[in-house]
There are 6 protein chains.
Amino acid sequence: MSDQPWLPTLITSTPQEGYELAIKLSRMGVKSTQPNVELLKKMRPDYAENADSLTKASQVIAINFQTVAAANNYWR
Amino acid sequence: MSDQPWLPTLITSTPQEGYELAIKLSRMGVKSTQPNVELLKKMRPDYAENADSLTKASQVIAINFQTVAAANNYWR
Amino acid sequence: MSDQPWLPTLITSTPQEGYELAIKLSRMGVKSTQPNVELLKKMRPDYAENADSLTKASQVIAINFQTVAAANNYWR
Amino acid sequence: MSDQPWLPTLITSTPQEGYELAIKLSRMGVKSTQPNVELLKKMRPDYAENADSLTKASQVIAINFQTVAAANNYWR
Amino acid sequence: MSDQPWLPTLITSTPQEGYELAIKLSRMGVKSTQPNVELLKKMRPDYAENADSLTKASQVIAINFQTVAAANNYWR
Amino acid sequence: MSDQPWLPTLITSTPQEGYELAIKLSRMGVKSTQPNVELLKKMRPDYAENADSLTKASQVIAINFQTVAAANNYWR
């Protein structure tokens, strides 16, 4: 991971921004295991054109969205 | 994702509307990884006619429904 | 999903009724992706006679039961 | 499921009894999808002798144990 | 499971002991489905030398650690 | 696991450090099942070059991040 802070806060203005942060968290989980961006791009068709892989990706986002939503007290 | 806000709030009037929002969140998770709608339609038989894929889809909805239900204080 | 409300409330009288609601939620997750009931029936042997598929189905019920149990304050 | 109530309460005396209840909940999730006990027995070697299947079974128990533990306020 | 209580409490002195309890809970989930220890030993290479199986095992531990950490109020 | 404490606390200064702790927890879950570091290194291409394996790894991190984030009261 880069020296630049990529996750300064879990607080967002809106649920949608929270969802986008959940997507970012999910991608950082992938990058922390495979930091080679070129390799990740090559793998893209393996999951982006596979229905089950997309469902799995959506699941990771859903788990991270639980965290972000709780952090923001559900934007109530 | 489009410029139009698609997730203005997690609050819904009824549990059922909350469940429908959970379905929407699950689909947005897929679309965020594969935005090509034509490709998604082509993949549809891959999961919509496969029992395990349907169970996995139901699982993502269940996780998102946990978030929406908590946001709505379970519509108590 | 039909026009009839199928999820008017998450509140149940007993834990067991809550568990049955969790089963219902899990099935609605499947139906929301594949509304064709005839097709779902045809797929039944694919998962109902496969140990791993049954475990996966039990997992979705477990996730939904978490939601229903929290909604009912665990019937304490 | 039988007419006899099998889940009268989520409250248990000890964490270990709570864990046993989590096992029971996991099995009822399987039985709710496949009520034929003879068929379930025949499938037993498919998962009881497969490492990944055992891990998956342990995961469902872990999810149900979260629910039971929360219901019991973690037996604190 | 043996007559000896193996889970007297979810409370631990430190986060690390809590993590070790989460490992124990994950293993008991496996043993509750397959109590034959000799068979479990034979299966060991099936998962201990398979990257995805190790990830799955780590996931079950993570779920159990959520429970143990909450029980201990996160050792705050 | 070594005699050195590797998990003295779940508290971190920032969300990003919390995320890094979640990565560490996920790896310790793998190591607790397969402590042989040489073997783990050999397996690395099996998952680090496989899209679904990377998604699964990201999921375990997401689950552990839920725990760490709650422990830190979401760094609010």
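In what follows, the structure referred to is the one given above.
Just so you know, the residues in each chain are numbered from 1, in the order the chain's sequence is written. Chain labels run from A onward and ligand labels from 1 onward, assigned in the order the entries are written. Given that the model is predicted, a residue must reach a pLDDT of at least 70 before its local features are reported, and side-chain atom pairs must reach 80 or more before they are shown or counted; all residues, however, enter totals for whole chains, interfaces and linings. For side-chain calculations, the full set of non-hydrogen atoms in the structure is used, while hydrogens and water are omitted.

Engineer: What should I look at first to understand the interface of chain F and chain A in this one?
Structural biologist: It is common to give the size of an interface as the accessible area that goes away when the parts come together. At the interface, 27 residues of chain F touch 37 residues of chain A. A pair is scored as a salt bridge if a Lys or Arg side-chain nitrogen falls within 4 Å of a carboxyl oxygen belonging to Asp or Glu. In this structure, the connection of chain F to chain A is made through one salt bridge. With its nearest N and O atoms 3.6 Å apart, the salt bridge here joins D52 of chain F to K56 of chain A. Here a polar contact means two N or O atoms within 3.5 Å. Within protein one must be a hydrogen donor candidate and the other an acceptor candidate, and residues neighboring in sequence count only if both atoms are side-chain atoms. Our count for the chain F to chain A interface comes out at 13 residue pairs in polar contact (both at pLDDT 80 or more). Of all the secondary structure elements, the ones that give two or more residues to the side of chain F that touches chain A are helix 1 (15-33), helix 2 (37-48) and helix 3 (51-71) of chain F. Residues that form the side of chain F that touches chain A fall into these classes: 15 nonpolar, six polar and six charged. Contact definition: two residues touch when any of their heavy atoms are within 4.5 Å. A run of H or I in DSSP counts as a helix once it spans at least four residues, and a run of E counts as a strand once it spans at least two, with each numbered from the N terminus. Classification used: nonpolar for Ala, Val, Leu, Ile, Met, Phe, Trp, Tyr, Cys and Pro, charged for Asp, Glu, Lys and Arg, polar for all others including Gly.

Engineer: In this structure, what is going on with the packing of aromatic side chains? I would like to understand it.
Structural biologist: Two measures describe an aromatic ring pair: the distance that separates the ring centres and the angle between the ring planes. For this analysis, a ring pair means two rings from Phe, Tyr or Trp (six-membered ring only for Trp) whose centres lie within 6.5 Å, classed as stacked if their planes differ by under 30 degrees, edge-to-face if by over 60, and tilted for the remaining angles. Considering all chains together, one arrives at 18 aromatic pairs over all chains under this definition. Taking the centre distance of 5.1 Å and the plane angle of 90 degrees together, the rings of Y19 of chain C and W6 of chain D count as edge-to-face. Linking Y19 of chain C in helix 1 (residues 15-33) with W6 of chain D in the segment before helix 1 (15-33), this pair reaches from one chain into another. Throughout this description, buried means an accessible area under 20% of the type-specific maximum (1.4 Å probe, protein chains only), exposed means over 50%, and partly exposed covers the range between. You can call Y19 of chain C buried: its relative accessible area is 0%.

Engineer: Could you clarify how one ought to interpret the relation of the copies chain F and chain A in this entry?
Structural biologist: Both copies of the chain are related by a screw-like operation: a rotation about an axis and a shift along it. Of the transformation superimposing chain F on chain A, the axial component is 0.0 Å and the angular component is 60 degrees, with the fit at an RMSD of 0.0 Å. Here the copies are linked by what is in effect a six-fold axis. Across chain F, the smallest distance between a C-alpha and the rotation axis is recorded for I63 of chain F, namely 6.9 Å. By residue overlap, the copies meet through two different surfaces: only 19% of the interface positions of chain F are interface positions in chain A. Copies overlap after least-squares fitting; the atoms used are the C-alpha atoms of residues with pLDDT of at least 70 in both.

Engineer: Would you explain the interface of chain E and chain F in this entry?
Structural biologist: Across the boundary between the two partners, chain E contributes 27 residues, which contact 37 residues of chain F. Between chain E and chain F, a total of about 2500 Å² is buried, with carbon and sulfur atoms accounting for 62% of that surface. Reported buried area values correspond to the accessible surface (1.4 Å probe) lost by two parts on association, with both partners' losses combined. Looking at the side of chain E facing chain F, the largest losses of area belong to Q16, Y19 and Y74 of chain E, adding up to 22% of the total buried there. Taken together, the connections running from chain E to chain F amount to one salt bridge. Elements with a minimum of two residues in the side of chain E that touches chain F: helix 1 (15-33), helix 2 (37-48) and helix 3 (51-71) of chain E. Here the side of chain E that touches chain F takes 13 residues from helix 3 of chain E, the largest share from any one element. The class makeup of the residues in the side of chain E that touches chain F is 15 nonpolar, six polar and six charged.

Engineer: I keep staring at the environment of V60 of chain A and nothing clicks. Help me out?
Structural biologist: When you line up the elements, V60 of chain A lands in helix 3 (residues 51-71). Classification of V60 of chain A as buried rests on a relative accessible area of 2%. For V60 of chain A and R27 of chain A, which are 33 residues apart along the polypeptide, the C-alpha to C-alpha distance reads 9.3 Å. Setting aside residues up to four positions removed in sequence, V60 of chain A forms contacts with S26 of chain A together with T55, S58, Q59 and A62 of chain F.

Engineer: Is there a simple way to think about the relation of the copies chain E and chain F in this case?
Structural biologist: With an RMSD of 0.0 Å, the fit of chain E onto chain F corresponds to turning through 60 degrees and sliding 0.0 Å along the axis. A low fraction, 19%, of the interface residues of chain E reappear at the interface in chain F, so the copies pair through non-equivalent surfaces.

Engineer: For this particular structure, what's the right way to read the environment of W75 of chain B?
Structural biologist: Note that W75 of chain B resides in the segment after helix 3 (51-71). Residues W75 of chain B and S26 of chain B, 49 residues apart in the sequence, show an inter-C-alpha distance of 21 Å. Not counting the four nearest positions on each side in its chain, W75 of chain B is found in contact with T12, S13, T14, P15, G18, F65, V68 and A69 of chain B together with L10 of chain C. Among the polar contacts made by the side chain of W75 of chain B, one reaches the side chain of T12 of chain B at a distance of 3.1 Å.

Engineer: Even after reading the chapter, I still don't get the packing of helix 1 (residues 15-33) of chain B against helix 3 of chain B, so can you show me in this structure?
Structural biologist: For any two helices packed against each other, one specifies the inter-axial angle together with the distance between the axes. All names here are of chain B. As a rule, the C-alpha atoms of each element are fitted with a line to give its axis, helices using only the stretch in contact, and angles between N-to-C directions run from 0 to 180 degrees. The geometry of helix 1 relative to helix 3 is characterised by a closest axis approach of 8 Å and an angle of 125 degrees between their N-to-C directions. Taken as axis vectors, helix 1 and helix 3 run oblique relative to one another. Here helix 1 and helix 3 pass one another in a crossing that is right-handed. Taken together, the residues of helix 3 that come into contact with helix 1 (itself represented by P15, G18, Y19, L21, A22, I23, L25 and S26) are V60, I61, N64, F65 and V68. In these notes the angle categories are as follows: under 35 degrees is roughly parallel, over 145 is roughly antiparallel, 65 to 115 is roughly perpendicular, and the rest is oblique. Two helices cross in a left-handed way if the nearer one is turned anticlockwise from the farther one by less than a right angle. They cross in a right-handed way if the turn is clockwise.

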